[in-house]
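Residue strings, one per chain:
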Amino acid sequence: MKITKVLGYQVLDSRGKPTVAAAISLEDGSTHTSRVPSGASTGKHEAVELRDGNESISNRYYSGNSVNLAVANINSKIAPHLIGKEIDLTSVDQKLKELDSSETHEFLGANATLATSLAAAIASAHVRNVSLARYFQPTGKLLIPMPMVNILSGGAHANRTLDIQDILIVPTGAKSFTEALSWIVAVREMAANLGSKAGKITHLVADEGGLGIPFDSIELACTFVLESIEKVGLRVGTEISLALDIAATQFFDGASYNLTTLGKSYSSVEFVDYSLKLVKNFPIISIEDPFAEDDWSAWNSFSKIAPKYLQILGDDLLTTNSGRLNRAISEKSANSILIKANQNGLVTSTQSVLKQAQAAGFNTVVSARSGETEDSWLADLATGWRAGQIKVGSTHGAERNAKWNRLLELEATEDCEFKNPFLN
Ligand code: 2PG
Ligand code: MG
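Residues numbered from 1 in each chain as written. Chains lettered and ligands numbered in written order. Predicted model: local features only at pLDDT ≥ 70, side-chain atom pairs only at ≥ 80, totals over all residues. Heavy atoms only, no water.

A. Highlighting the overall build of the protein. Along its length, the protein carries 13 helices and 15 strands. A compact globule built from 424 residues should have a C-alpha radius of gyration of about 22 Å, and the protein, at 21 Å, falls within 12% of that. In the protein, buried positions account for 60% of the 424 residues. Sequence separation of 24 or more characterises 69% of the internal contacts of the protein that already satisfy a separation of 6 or more. As displayed, the protein offers around 15900 Å² of accessible surface, 52% of which is attributable to carbon and sulfur atoms. (Helix = DSSP H or I, 4+ residues; strand = E, 2+ residues; numbered from the N terminus. Rg over C-alpha atoms; globule rule 2.2 N^0.38 Å. Buried < 20%, exposed > 50% of the residue type's maximum accessible area, 1.4 Å probe, protein only. Contact = heavy atoms within 4.5 Å. Areas by Shrake-Rupley, 256 points an atom, 1.4 Å probe, with all protein chains shown as cover.)

B. Geometry of the sheet that holds strand 1 (residues 3-12). The strand order 1-2-3 describes an open sheet built from three strands, whose pairing is antiparallel. Whereas interior strands pair on both sides, the edge strands pair on one side only; in this sheet they are strand 1 and strand 3 (31-35). The average angle at which neighbouring strand axes cross in this sheet is 20°, direction not considered. Two strands pair when backbone bridges link them, and strand 1 and strand 2 (residues 18-26) are joined in this way by nine bridges, in the antiparallel orientation. Residue pairing in the sheet places leucine 7 in a bridge with alanine 23 of strand 2. (Pairing = 2+ DSSP bridges. Axes fitted to C-alpha atoms, helices over the stretch in contact; angles between N-to-C directions.)

C. Molecular detail of the packing of aromatic side chains. Following the criterion strictly, the structure yields 16 aromatic pairs and no others. Plain terms: the ring middles of phenylalanine 251 and tyrosine 257 are 6.2 Å apart, the flat faces sit at 75° to each other, and that makes the pair edge-to-face. With a relative accessible area of 7%, phenylalanine 251 lands in the buried category. On the accessibility criterion, tyrosine 257 (0% relative accessible area) is buried. (Phe/Tyr/Trp six-rings, centres within 6.5 Å; stacked < 30°, edge-to-face > 60°.)

D. Broad picture of the packing of helix 9 (residues 322-331) against helix 11 (residues 347-359). Their axes nearest at 10 Å, the elements helix 9 and helix 11 cross at an angle of 10°. Viewed along their axes, helix 9 and helix 11 adopt a mutual orientation that is roughly parallel. Listed contacts from helix 11 to Ser322, Leu325, Asn326 and Ile329 of helix 9 are Val353, Gln356 and Ala357. Each residue belonging to the contact of helix 9 with helix 11 can be placed in one class, and the counts come to four nonpolar, three polar and no charged. (Parallel < 35°, antiparallel > 145°, perpendicular 65-115°, else oblique. Nonpolar A, V, L, I, M, F, W, Y, C, P; charged D, E, K, R; others polar.)

E. Up close: the coordination of the magnesium ion (ligand 2). Note on the magnesium ion (ligand 2): its protein donors are Asp245 (OD), Glu288 (OE) and Asp315 (OD). The metal-donor distances range over 2.0 to 2.3 Å. The sequence pattern describing where the donors of the magnesium ion (ligand 2) fall on their chain is D-x42-E-x26-D. Here aspartate 315 lies in the loop between strand 11 (311-314) and helix 9 and glutamate 288 lies in strand 10 (residues 284-288), a separation of 27 residues in the sequence. Residue classification places aspartate 315 among the buried residues on the basis of a relative accessible area of 2%. (Donors = N, O, S within 2.8 Å, 3.2 Å for Na, K, Ca; no water.)

F. Summary view of the site of ligand 1. By nearness alone, 16 residues border ligand 1, and Ala40, His157, Arg369, Ser370 and Lys391 come closest of all. Within the side chain of glutamate 288, an N or O atom sits 3.0 Å from an oxygen atom of ligand 1. Interatomic distance of 2.7 Å between a side-chain N/O atom of arginine 369 and an oxygen atom of ligand 1. With the chains in place, 99% of the 310 Å² that ligand 1 exposes on its own is no longer accessible. Taken together, the residues of the shell around ligand 1 sort by class into three nonpolar, five polar and eight charged. Both domain 1 (3-129) and domain 2 (142-423) contribute no fewer than three residues apiece to the shell around ligand 1. (Near = heavy atom within 4 Å. Polar contact = N/O pair within 3.5 Å; in protein donor to acceptor, adjacent residues only side chain to side chain. Domains from an automatic or database assignment.)

G. Molecular detail of the pattern of salt bridges. Evaluation of the coordinates by the stated rule reveals 25 salt bridges. Residue glutamate 417 pairs with arginine 386 through a salt bridge whose shortest N-O separation is 2.8 Å. Of the two residues, glutamate 417 sits in strand 15 (residues 416-418) while arginine 386 sits in the loop between helix 12 (377-384) and strand 14 (388-393), which places them 31 residues apart along the sequence. The exposure class of glutamate 417 is partly exposed, given its relative accessible area of 22%. (Salt bridge = Lys/Arg side-chain N within 4 Å of Asp/Glu carboxyl O.)

H. Spatial organisation of helix 13 (residues 398-413). With 16 residues, helix 13 extends 21 Å from end C-alpha to end C-alpha; this agrees with the ideal 22 Å at 1.5 Å per step. Burial in helix 13 covers these residues: Glu399, Arg400, Ala402, Lys403, Trp404, Arg406, Leu407, Leu410 and Glu411. (Expected span 1.5 Å × (residues − 1).)

I. Broad picture of the domain arrangement of the protein. Looking at the protein, the domain boundaries give domain 1 (3-129) and domain 2 (142-423). Distance between the C-alpha centres of domain 1 and domain 2: 27 Å. At the junction of the two partners, domain 1 supplies 32 residues and domain 2 supplies 29 residues. Where domain 1 abuts domain 2, roughly 2700 Å² becomes buried across the two surfaces, and 53% of that area is made up of carbon and sulfur atoms. By the criterion of area lost to domain 2, the three top residues of domain 1 are Arg35, Ser41 and His45, representing 24% of everything that side buries. The salt bridge involving aspartate 375 is made with arginine 35; its shortest N-O contact spans 2.4 Å. Viewed at the interface, domain 2 and domain 1 are joined by 25 residue pairs in polar contact (both at pLDDT 80 or more). Counted by class, the side of domain 1 that touches domain 2 contains 10 nonpolar, 13 polar and nine charged residues. (Buried area = accessible area lost by both parts, 1.4 Å probe.)

J. Representation of the sheet that holds strand 11 within the structure. The strand order around the closed barrel formed by eight strands is 5-6-7-10-11-12-13-14, and the pairing between neighbours is mixed. Strand-to-strand twist of the sheet, defined as the mean angle between neighbouring strand axes without regard to direction, takes the value 25°. Those strands touched by helix 6 (residues 218-232) are strand 5 (146-153), strand 6 (166-170) and strand 7 (241-245), and its axis lies near 30° from that of strand 6. Sitting on the sheet, helix 12 touches strand 13 (363-367) and strand 14, and the angle it makes with strand 14 is about 165°.

K. Spotlight on the side chain of arginine 324. Relative to the helices and strands, arginine 324 is located in helix 9. For arginine 324, the side chain forms a polar contact with the side chain of histidine 45, separated by 3.3 Å. Within the local environment of arginine 324, its side chain forms a polar contact with the backbone oxygen of leucine 317, the two atoms lying 2.6 Å apart. Aside from chain neighbours lying at most four places away, what touches arginine 324 is His45, Glu293, Asp294, Trp296, Leu317, Leu318 and Thr319.

Take a look at the structure:
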């Protein structure tokens, strides 16, 4: 079926910041839309998010953040090459690569390429008359991903109420996604109640819907989340464990890791030591970005001494980039990768980074961004790609719940399985 129209336009994300949307129309009269997310703790090696900057007149009220250039690239540089062609995700992505052969999509903007690529994926699934998840995995049981969910937020997402970015939970003992989500909601609500009872600020809901409760140390914050789990009546370790997103690039100054709420600075070597103690003292099964994005030696030495069960997850380190992943595989810097489509810029190359990681025995966690939209394609990608895990933020905010609700829907409507990825 042929493409009849490709349209880019500007919409708002969950932080009220402009982002790119694309719509692809087909001969049968249907139109398929997508909206791209945007990060705050953005890694230096991510694909380029094209924003207009301060010069643009149309940008007057958006503090330099409008995306008219990226939108114009869809409408004038991409659309003419797609209209009249058969809809097919792989050919659309191939064309986008030809139009911008730079690895970071700096000419068209990765927000322009990803919006187009996602709309093409959704339109391609429509033509086959299957869900987007099924488009990627046509037969066999679909694998609903294990959720990794934000309870406490800090860092760039919550005005630095905590030095690190997130304390999350993973309900590894749940037998279905539906059960997993119910446990998570209970823990989040318990944390909000316990926080209020203790006289802490609990009305601060962070960018990803997590609680922005201030704590003097990471250890105190972890203890608080553990108490919330126990008060709900769930067993720590066998049913639910902790996960951290340290987002260490944010507090690394090139020489030291500065935990400002604690008032302590650590050299790279000392921070490896500190991180090891932290994971040994708490039931933490996953640690994301424990070191800065280019501090490879810290990653490498930590990976050598970390407990074998620990998921060492590269986000800013790997930026869903094949070359950086290759380095991490050969140097054994990490054993897992966060997969974010907008760090990469195309649906097919994001999936191929995921496959490359899985082939090397890495765990894969498909992730939302802190600036999200009401779109739910992420849930389908994580499921159809058999990622095993997904991270979306918390269970507050329609832009977060759109993804959780889509996973509930997939579990209810498709032939699915749900597994604990930490048993592999
Ligand atoms: C992260 C993400 C999502 P951001 O660091 O993993 O939590 O944050 O989108 O701001 O990069
Ligand atoms: Mg991260």
